[in-house]
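The primary structure of each chain is shown beneath.
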Amino acid sequence: MLLTEIDHVAIAVRDLEAAVDYHRRAFGATVEHRETVDRDGVEEALVAVADSYIQLISPTRPDSPVARFIERRGEGLHHVGYRVADCATALAAMVAAGATPIDREPRPGSRGTTIAFVHPKGSFGTLIELVQE
Ligand code: CO
């Protein structure tokens, strides 16, 4: 089994501060990590849940993929992060099983991780991010 944990569930939101405040009021949650990822045009806030995270993401520019996602489909579940021991091995295994990679090679993600995204087509309609810590 190549997956070691659900690393995170990512929710696309318009207003990151409002989403953080909601999670604080509803769950008593605190933000463990915040980061702006320029390459992806997103700002993220990570709420820790045991060994996993809720990743709240909001666009930092109107042409970012997350901005287009919200424009088309509204706020909501954007992708699921699967934690793996080795991102390259897991990516190759998914591709061998018929998945379509978005990232052909693993690349740097937030909080020092190594990541690769895999297209929803071929993964039952769900955008998957492989996350190696
Ligand atoms: Co993610």
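For the structure itself, consult the block above.
Residues numbered from 1 in each chain as written. Predicted model: local features only at pLDDT ≥ 70, side-chain atom pairs only at ≥ 80, totals over all residues. Heavy atoms only, no water.

1. Focus: the nonpolar core
At step 1: Formed by Val84, Cys87, Ala90, Leu91, Met94, Ala99, Ala116, Val118, Ile128 and Leu130, the largest nonpolar core amounts to 10 residues.
At step 2: Among the elements of the structure, α3 (87-96), β7 (114-118) and β8 (128-132) are those that each provide at least two residues to this core.
At step 3: Ranked by residues supplied to this core, first place goes to α3 with 4 residues.
At step 4: Among all residues touching isoleucine 128, those that are not within four sequence positions of it are Val80, Tyr82, Met94, Ala116, Phe117, Val118 and Ser123. (Core = buried A, V, L, I, M, F, W, Y, C linked by side-chain atoms within 4.5 Å. Buried < 20%, exposed > 50% of the residue type's maximum accessible area, 1.4 Å probe, protein only. Helix = DSSP H or I, 4+ residues; strand = E, 2+ residues; numbered from the N terminus. Contact = heavy atoms within 4.5 Å.)

2. A word on the coordination of the cobalt ion
At step 1: Protein-derived ligands of the cobalt ion are His8 (NE2), Gln55 (OE1), His79 (NE2) and Glu129 (OE), with the metal-ligand distances lying across 2.0 to 2.4 Å.
At step 2: Note that the cobalt ion binds 4 donor atoms; their angles at the metal cover 85 to 173°, and the shape is irregular.
At step 3: Histidine 8 sits in the buried class, given a relative accessible area of 2%. (Donors = N, O, S within 2.8 Å, 3.2 Å for Na, K, Ca; no water. Tetrahedral: all angles 85-135°; square planar, octahedral: opposite > 155°, others 65-115°.)

3. Focus: the sheet that holds strand β3 (residues 42-49)
At step 1: Pairing is mixed across the open sheet formed by 8 strands, whose spatial order is β2-β3-β4-β1-β5-β8-β7-β6. Whereas interior strands pair on both sides, the edge strands pair on one side only; in this sheet they are β2 (31-37) and β6 (107-108).
At step 2: In the sheet, strand β5 (residues 76-84) pairs with β8 via 4 bridges, with the strands oriented parallel. Its bridge partner being in β8, valine 80 is matched across the sheet by isoleucine 128. (Pairing = 2+ DSSP bridges.)

4. Focus on unusual backbone geometry
At step 1: The phi torsion at alanine 50 lies on the positive side, around 50°, for a residue other than glycine.
At step 2: Assignment of secondary structure puts alanine 50 in the loop between β3 and β4 (52-59).
At step 3: Positive phi values are uncommon outside glycine, yet phenylalanine 124 reaches one of about 55°.
At step 4: As for its placement among the helices and strands, phenylalanine 124 is situated in the loop between β7 and β8.

5. Considering the pattern of salt bridges
At step 1: Considering all chains together, one arrives at 12 salt bridges under this definition.
At step 2: Salt-bridge contacts for arginine 34 lead to glutamate 43; the nearest nitrogen and oxygen are separated by 3.2 Å.
At step 3: A salt bridge links arginine 107 to aspartate 103; its shortest N-O distance comes to 2.9 Å. Of the two residues, arginine 107 and aspartate 103, both sit in the buried class.
At step 4: Through salt bridges with shared partners, a single ionic network connects Asp7, Arg83, Arg111 and Glu133. (Salt bridge = Lys/Arg side-chain N within 4 Å of Asp/Glu carboxyl O.)

6. Observations concerning the pairing of β2
At step 1: Pairing analysis gives 6 bridges linking β2 to β3, with the strands arranged antiparallel. Looking across to β3, one finds that valine 31 is bridged to valine 47.
At step 2: In this antiparallel pair of consecutive strands, β2 and β3, the connection spans 4 residues, and glycine 41 shows a positive phi of 65°.

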